[in-house]
Amino acid sequence: MSQGVVKIKGRALGEDCEATLECLKAMGAEGSSNSEDEDYEITSHSLYEPSEVLDAGNSGTTARLLLGLISGLNLFVCITGDDSLKKKTNGSRHFTFS
């Protein structure tokens, strides 16, 4: 993940995107939006272990992105999701959520 400011133009406003942003914020990223044109800025200098379990909601994409991101960092992170996400598979592998 880059350090500094990342600008997202015309971001989607769905629950999956919100779940991803909330999980990143819980790990130390800061975000702000311009409600007029749905632009978003994320600032991160370094991510850290969250003090809470990250909730991906119903977003398999959020879970996969976080797992990929976290795998490259030396952090202990717990991720959960709703009942539907806990039952989803990733190819032949099941997500192991608590």
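These figures come from a predicted structure and were not determined experimentally.

Reading guide: rules and limits
- Residues numbered from 1 in each chain as written.
- Predicted model: local features only at pLDDT ≥ 70, side-chain atom pairs only at ≥ 80, totals over all residues.
- Heavy atoms only, no water.
- Helix = DSSP H or I, 4+ residues; strand = E, 2+ residues; numbered from the N terminus.
- Buried < 20%, exposed > 50% of the residue type's maximum accessible area, 1.4 Å probe, protein only.
- Contact = heavy atoms within 4.5 Å.
- Polar contact = N/O pair within 3.5 Å; in protein donor to acceptor, adjacent residues only side chain to side chain.
- Expected span 1.5 Å × (residues − 1).
- 1 Å grid on protein atoms, 1.4 Å probe; cavity = no way out; pocket = protein on both sides within 12 Å on 5 of 7 lines; lining within 4 Å.
- Points joined across faces, edges and corners; volume = space filled by probe spheres on them.
- Nonpolar A, V, L, I, M, F, W, Y, C, P; charged D, E, K, R; others polar.
- Salt bridge = Lys/Arg side-chain N within 4 Å of Asp/Glu carboxyl O.
- pLDDT = per-residue confidence, 0-100.
- Core = buried A, V, L, I, M, F, W, Y, C linked by side-chain atoms within 4.5 Å.

**Brief notes about the environment of Asn-58**
For Asn-58, the location among the structural elements is in the loop between β4 (54–55) and α2 (60–71). According to the relative accessible area criterion, Asn-58 is partly exposed, its value standing at 38%. Filtering out sequence-adjacent residues up to four positions away, Asn-58 remains in contact with Asp-16, Asp-82, Ser-84, Leu-85 and Lys-88. Side-chain polar atoms of Asn-58 contact the side chain of Ser-84, separated by 3.4 Å.

**As for helix α1 (residues 15–26)**
Taking 1.5 Å of rise per residue, twelve residues should cover 16 Å, and α1 covers 16 Å from first to last C-alpha, within 8% of that figure. Among the residues of α1, Ala-19, Thr-20, Leu-21, Cys-23, Leu-24 and Ala-26 are the ones counted as buried. Residues of α1 that are buried make contact with β3 (39–44), β4 and α2. In the stretch just after α1, Gly-28 is the one whose phi turns positive, near 110°.

**A look at the layout of surface pockets**
In this model, the largest pocket occupies a volume close to 270 Å³. Put simply, the parts of the chain that give the lining of the largest pocket at least two residues each are α1 and α2. Of the residues belonging to the lining of the largest pocket, the class tally is nine nonpolar, four polar and two charged.

**Re the pattern of salt bridges**
What the rule picks out here adds up to one salt bridge. As a salt-bridge pair, Glu-22 and Lys-25 come within 3.6 Å of each other at their nearest N and O atoms. Highlighted residues: Glu-22 and Lys-25, both in helix α1, separated by three residues, approximately one helical turn. Take Glu-22: its relative accessible area is 43%, and that puts it in the partly exposed class.

**Thoughts on the confidence of the model for the protein chain**
Looking at the protein chain, the pLDDT average stands at 81 and 84% of residues meet or exceed 70. Mean pLDDT across the secondary structure elements of the protein chain bottoms out at strand β7 (residues 93–94), with 52, and peaks at β4, with 95.

**Considering the nonpolar core**
Formed by 18 residues in total, the largest nonpolar core has its most connected members in Leu-54, Leu-66, Ile-70 and Ile-79. Within the residue set of this core, elements represented by two or more residues are α1, β3 and α2.

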